[in-house]
Structures are given as structure tokens and as C-alpha cells.
Amino acid sequence: MATLKERFKARADEQSAEIKDILKKHGNKKIGEVVLSQIYQGMRGITGLVTETSLLDAKEGIRFRGYSIPELQKKLPKAPGGTEPLPEGLFYLMLIGELPTEQDVLDVTNSWQRRSHVPNYVFDAIEAVPKSSHPMTQFVVAIMALQNESIFAKKYAEGMNKKDYWDATFDDAMTLIARLPRVAAYIYRRKYKDEKHIQPDGLLDWSGNFAHMLGFEDESFKELMRLYMTIHADHEGGNVSAHTTHLVGSALSDPYLSLAAGMNGLAGPLHGLANQEVIKWIFEMREELAVKLPTKEQIKKYVKKTLGEGKVVPGYGHAVLRKTDPRFTAQMEFSKKHMADDPLVNTVWRIYEVVPDILKELGKVKNPWPNVDAHSGALLVHYGMVEYEFYTVLFGVSRALGVLASLCWDRALGLALERPKSVTTASVKEWLEDKGEIWGD
Ligand code: HAX
């Protein structure tokens, strides 16, 4: 029976041939036009990247290889007795493009188990930075320390044929994903649990084992981790973490260097760090109001105060989405099932009833609806994970699945070094006065 690597290679060869044909026939077809404001405004809406693993529709939300989150919750294999999808299955889907069987998922779990040993010098590297360092800083330090193991870097130094880039990238991606839960759990236990580390359990799936190493044995927390790791994995290619990983990888920086770069982007408050900002903001609101479950009126006042201080409402808005994020909805459904009476979760739901109207009133916010980060923290607090500075690391472990599956595709398709054109305002002014071109090489 073909291995995951062999299946991936077969799919990639098929796709490469298809792309060659498409480019031969349609390479000069226009895909849209760019207006001046877009280059000053974060390249919003400019189609300029190929990412095979998922596609974001502004109204529908994310689809992974054509499947929505509710569809994946039904169709992907589950842990024994569980109801949430195993992220191993999503990784398989993103890589191969087809839904996996139970056996395919088991094979991924086993492969990650076999590759999961973290060398001691990685823990030493984490120990070398102060405990007070942000968990995302420690996480990136760990990824950089793991880079010593890169097969891509080693083979490139030995003189690898470009036809083999995908092979070394695949191995690095698999090994890196296998090791991330261990280093993330180490950082959590080091910083928050008196350095009482927990050894991995080789009988558990990837997320179940992660929950175990973090110190959470409750089966419903393990289910939450499976859902969490699935829904945070990928959001097409233009978001900061995915785009950065792809950009750095396009210089043939190995998967470790590329992922570390992407994780530094995820650590920004307008991106992944928003998950910690949401809970910090709600905790501060509850403290100021001295209540566990603020009323809608109290929330309204607090939101207006936040906006008046020139801050954003964390967890709301999106650069592409124009409706409630289906990742928010999936978490809401989970909390209705497991913790419907939790006051913090109810606060999140009340905020959802109040914030969109206030943001709409501002007249400038393109998407007043909640994103993935608006809900995740409340679920974690429910199970006792109150250390919100750690939340973005959880997001990062999951995001590695998507961006590394994409990196395998980048190398298998031989995608080019990314090098868009930039301009200066002086050159724009000349162009506007018809005195010169703003594009060139
Ligand atoms: N609260 C207050 N103002 C907001 C806002 C919010 N939640 N969302 C957007 N705006 C403001 C913008 O700051 C901008 O104001 P200025 O013109 O004064 O600069 C204006 O509305 C237009 O912005 P936009 O076009 O609607 O949004 P962008 O594409 O520029 O930015 C962001 C998208 C997600 C960065 C933005 O909505 C935001 O800052 N949200 C809060 C932070 C957050 O939740 N980030 C996580 C996003 C999802 C994600 O990546 N998760 O990892």
C-alpha cells in the first residue's frame, strides 16, 4: 500500500502537469485589476498567491479542499468514543486532497508518534530564555533550536537536486508537526506549573497526547483540543502566518526557518495574539464592573469606552470574512454542548449580541462580526487553562498543520521565489503626473 509520501508525490505530479497545461493555455488571462488604494492598504483583495490547502469565501467562511467546518465535523474520523474530528485527518485532506479513511488517520498518528522525540538541547534552548519571556517567544526559540535537525537544510548543503526539494520538505514538515505539542507543553508547564513536566503518552492521538502533556486529562478537554487543532489549522494563503511561512519558504529557507517566521507573525495582536487579547479584555471588563456576567448595557458601555480609548474590540472584524466566522460558531456549538451555564461563555455570547451593532454604527468597520479568537479563550478558561498568554501557542501548533502542508505543495509544484514590485510615493506622484512608470523589474 502506498505511503502518505508516495500518495502526496502522485497527487503533486498530477497537479504539476495540470498547472503546466493551464499556464500554457491561459497564462496571459487577466485575473483582476489593482487600484492605487490597495497598494497602500495591505494589498487587500489582490489575488497574487496559490495556496492549495483551503479557500476562504467572504460570506461562507473557510473550506478545506471544498469541505466546510460542519462537513468536516461529520466526515473526518474521530477518536474512539469521540465526536470531534481528528486534526490528523484534516492534515491528510490538506495534503492529499481527499478525505482519509480511519486507517489513513491512524497511519498519520503513528508516523507523528514515531517522529516525536525532542532532543534535549531544544529544552536547554527554552531554558536559556527567562521564564518571563512570552510563551510565543519561547515557542519560536524552540522551533529555531529544532532547526538543527532539518533534513532540507542538510541535503541542500550536500547539493540536493531541485526535483527532491519536496521530499526533504515533507520529512521536515512531518517531524516538526510531530514535535510541536511536546515543546509547547514544555513551555506551558515550565512557565505556569512549577516545571512539573509530563511525559508523552504513546497510545494517544496527537491532540489527546497534547492535552495530556499540558496536564488536562478530562476527556472533553481532549475533544476540545481535537476541534481546536482542526479549526485553527488553515485560512487560505494571504493571512500573516500563512503568507509569511510561504514567503520565507520561497527563498528555500527550510521548513523550520519558514514556520518560525510565520509564528512571529501569528504573535501579532491583529492576528493570532487576538485570542489572548479577547480574554484579557473580558477579564478587565469583569474586574472593573465587579461582576461575573455583565449585562448587555454594561457591555455596551465598556465597548464604547474601549473604542473611545482608540483601541480595537479584540475578536471582532476580519480582513476577508463578511459574516460570523464559522470557526466562532463551531466553538459556540461545542460550548452549548459542554458548558452552557458557564458565566464566561455566556459573557462571550452576550458580547456577540452587542458588539456587531456598535461596530456597524462606526460606519468604517467592514466586518462587524466575531472571528475565531472571540470564543476560544472562554472554552479554555472553563477547563482551568486561565493563563491567556499561552493561547497563541495553541493556535500556532494548529496553524503549523496548514502552513506546513502548504509548504510541501510549494516545493512539489516548484512555486517561485516571491518578489512583488514595490513603489515609492515619489514614483506614484510621477506616475500620476504621467511622467513615469511605477512598475519595472
Ligand atoms: N474594533 C474597532 N475597530 C475596528 C475593528 C474592531 N474589531 N475592526 C476593524 N476596525 C476598524 C479598523 O481599525 C479601521 O479603522 P481605521 O480606518 O481608523 O484604521 C477600520 O475599522 C477599517 O478596517 P477593516 O477594513 O474593517 O479591517 P482590516 O481589514 O483593516 O483589519 C482586522 C482586519 C482583523 C485587523 C481588524 O478587524 C481588527 O483589528 N480586529 C480586532 C483584532 C482581531 O480580532 N484580530 C484577529 C483577526 C482574525 C485573525 O487573524 N485571527 O488570528
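Residues numbered from 1 in each chain as written. Predicted model: local features only at pLDDT ≥ 70, side-chain atom pairs only at ≥ 80, totals over all residues. Heavy atoms only, no water.

*Asks:* Got a sec to walk through the overall build of the chain? Specific residues and values, please.
*Replies:* Of the regular secondary structure elements, the chain holds 20 helices and two strands. The C-alpha radius of gyration computed for the chain amounts to 22 Å, which stays within 12% of the reference 22 Å derived for 441 residues, consistent with globular compactness. Considered along the principal axes of its C-alpha atoms, the chain spans approximately 65 × 65 × 45 Å. Classification of the 441 residues of the chain by burial places 51% in the buried group. Contacts spanning at least 24 positions in sequence make up 75% of the contacts within the chain whose residues lie at least 6 apart. (Helix = DSSP H or I, 4+ residues; strand = E, 2+ residues; numbered from the N terminus. Rg over C-alpha atoms; globule rule 2.2 N^0.38 Å. Buried < 20%, exposed > 50% of the residue type's maximum accessible area, 1.4 Å probe, protein only. Contact = heavy atoms within 4.5 Å.)

*Asks:* With reference to specific residues and values, describe the site of the ligand.
*Replies:* In the vicinity of the ligand lie 21 residues, with Gly315, Tyr316, Lys364, Lys366 and Asp373 positioned nearest. Contacts to the ligand include Tyr316, whose backbone N or O atom sits 2.7 Å from a nitrogen atom. Starting from 910 Å² of accessible surface for the ligand in isolation, the protein chains cover 76%. Looking at the shell around the ligand, its residues break down into 11 nonpolar, six polar and four charged. (Near = heavy atom within 4 Å. Polar contact = N/O pair within 3.5 Å; in protein donor to acceptor, adjacent residues only side chain to side chain. Areas by Shrake-Rupley, 256 points an atom, 1.4 Å probe, with all protein chains shown as cover. Nonpolar A, V, L, I, M, F, W, Y, C, P; charged D, E, K, R; others polar.)

*Asks:* An account of the pattern of salt bridges is needed here, citing residue identities and associated values.
*Replies:* This model, assessed by the stated rule, comprises 26 salt bridges. For the salt bridge of Arg11 with Glu98, the shortest nitrogen-to-oxygen distance reads 3.3 Å. With Arg11 in helix α1 (residues 4–26) and Glu98 in the loop between α4 (87–96) and α5 (102–114), this residue pair connects regions lying 87 residues apart in the sequence. For Glu98, a relative accessible area of 43% corresponds to the partly exposed category. Via salt bridges that share partners, Lys5, Arg115, Asp167 and Asp171 belong to a single interconnected network. (Salt bridge = Lys/Arg side-chain N within 4 Å of Asp/Glu carboxyl O.)

*Asks:* Now, about the packing of aromatic side chains: what can you tell me, with residues and values included?
*Replies:* For any pair of aromatic rings, the description rests on two quantities: the centre-to-centre distance and the angle between the ring planes. Counted by the stated rule, this structure contains 17 aromatic pairs. Geometrically, the ring pair formed by Phe328 and Tyr352 is edge-to-face, given 4.9 Å between the ring centres and 65 degrees between the ring planes. With a gap of 24 residues between them, Phe328 in helix α16 (residues 326–338) and Tyr352 in helix α17 (residues 343–362) connect regions that are remote in the sequence. Each residue in the set Tyr188, Tyr192, Phe216, Phe221, Tyr383 and Phe390 is aromatic and connected to the rest through ring pairs, giving one cluster. (Phe/Tyr/Trp six-rings, centres within 6.5 Å; stacked < 30°, edge-to-face > 60°.)

*Asks:* With reference to specific residues and values, describe a nonpolar patch on the surface.
*Replies:* On the surface, Val34, Ile39, Tyr40, Met43 and Ile46 cluster together to form a nonpolar patch covering roughly 450 Å² of accessible area. Structurally, Tyr40 can be placed in helix α2 (residues 36–40). (Patch = residues over 30% accessible without salt bridge, like charges linked within 9 Å, V, L, I, M, F, W, Y side chains within 5 Å.)

*Asks:* Let's hear about the environment of Asn346: which residues, and what values?
*Replies:* Within the secondary structure, Asn346 sits in helix α17. Spatially, the C-alpha atom of Asn346 lies 42 Å from that of Gly249, the residues being 97 residues apart in sequence. Ignoring any residue separated from it by four or fewer positions in sequence, one finds Asn346 in contact with Leu293, Ala340 and Asp341. Of note is the side chain of Asn346, whose polar atom sits 2.7 Å from the backbone oxygen of Asp342.

*Asks:* Requested: an account of the environment of Lys222, with residues and values cited.
*Replies:* Secondary-structure assignment places Lys222 in helix α11 (residues 219–231). Linking Lys222 and Leu72, residues 150 residues apart in sequence, is a C-alpha distance of 18 Å. Excluding residues that lie within four positions of it along the chain, Lys222 makes contacts with Leu204, Gly208, Ala211, His212, Phe216 and Glu217.

*Asks:* Which residues make up α17, and what values go with them?
*Replies:* Between its first and last C-alpha atoms α17 spans 29 Å; for 20 residues at 1.5 Å apiece the expected length is 28 Å, and the two agree. The largest bend in α17 comes to about 30 degrees, at Val354, with the proline Pro356 one to four residues further on. Where α17 is buried, its residues meet α14 (274–289), α15 (296–308), α16 and α18 (373–382). Looking at where α17 begins, the residue whose side-chain oxygen comes 2.8 Å from the main-chain nitrogen of Leu344 is Asp342. Looking one or two places after α17, you find Gly363, whose phi comes out positive at around 80 degrees. (Expected span 1.5 Å × (residues − 1). Bend = angle between axes of the 7 residues up to and from the residue.)

*Asks:* Which residues make up the nonpolar core, and what values do they have?
*Replies:* The biggest cluster of nonpolar side chains holds 111 residues, and the ones touching the most others in it are Phe8, Leu95, Phe139, Met385 and Leu394. In this structure Phe139 touches Leu180, Val183, Ala184, Ile187, Met263, Val393, Gly396 and Val397, once residues within four positions along its chain are discounted. (Core = buried A, V, L, I, M, F, W, Y, C linked by side-chain atoms within 4.5 Å.)

*Asks:* Tell me about unusual backbone geometry, and please be specific about residues and values.
*Replies:* Of all residues except glycine, most have a negative phi; of all peptide bonds, most are trans. Even without being a glycine, Met43 presents a positive backbone phi close to 55 degrees. Along the polypeptide, Met43 turns up in the loop between α2 and β1 (54–57). Owing to a relative accessible area of 46%, Met43 belongs among the partly exposed residues under this scheme. Although it is not a glycine, Glu195 sits at a positive phi angle of roughly 60 degrees. Here Glu195 lies in the loop between α9 (165–192) and α10 (206–214). Residue Glu195 is classed as partly exposed on the basis of its relative accessible area of 36%.

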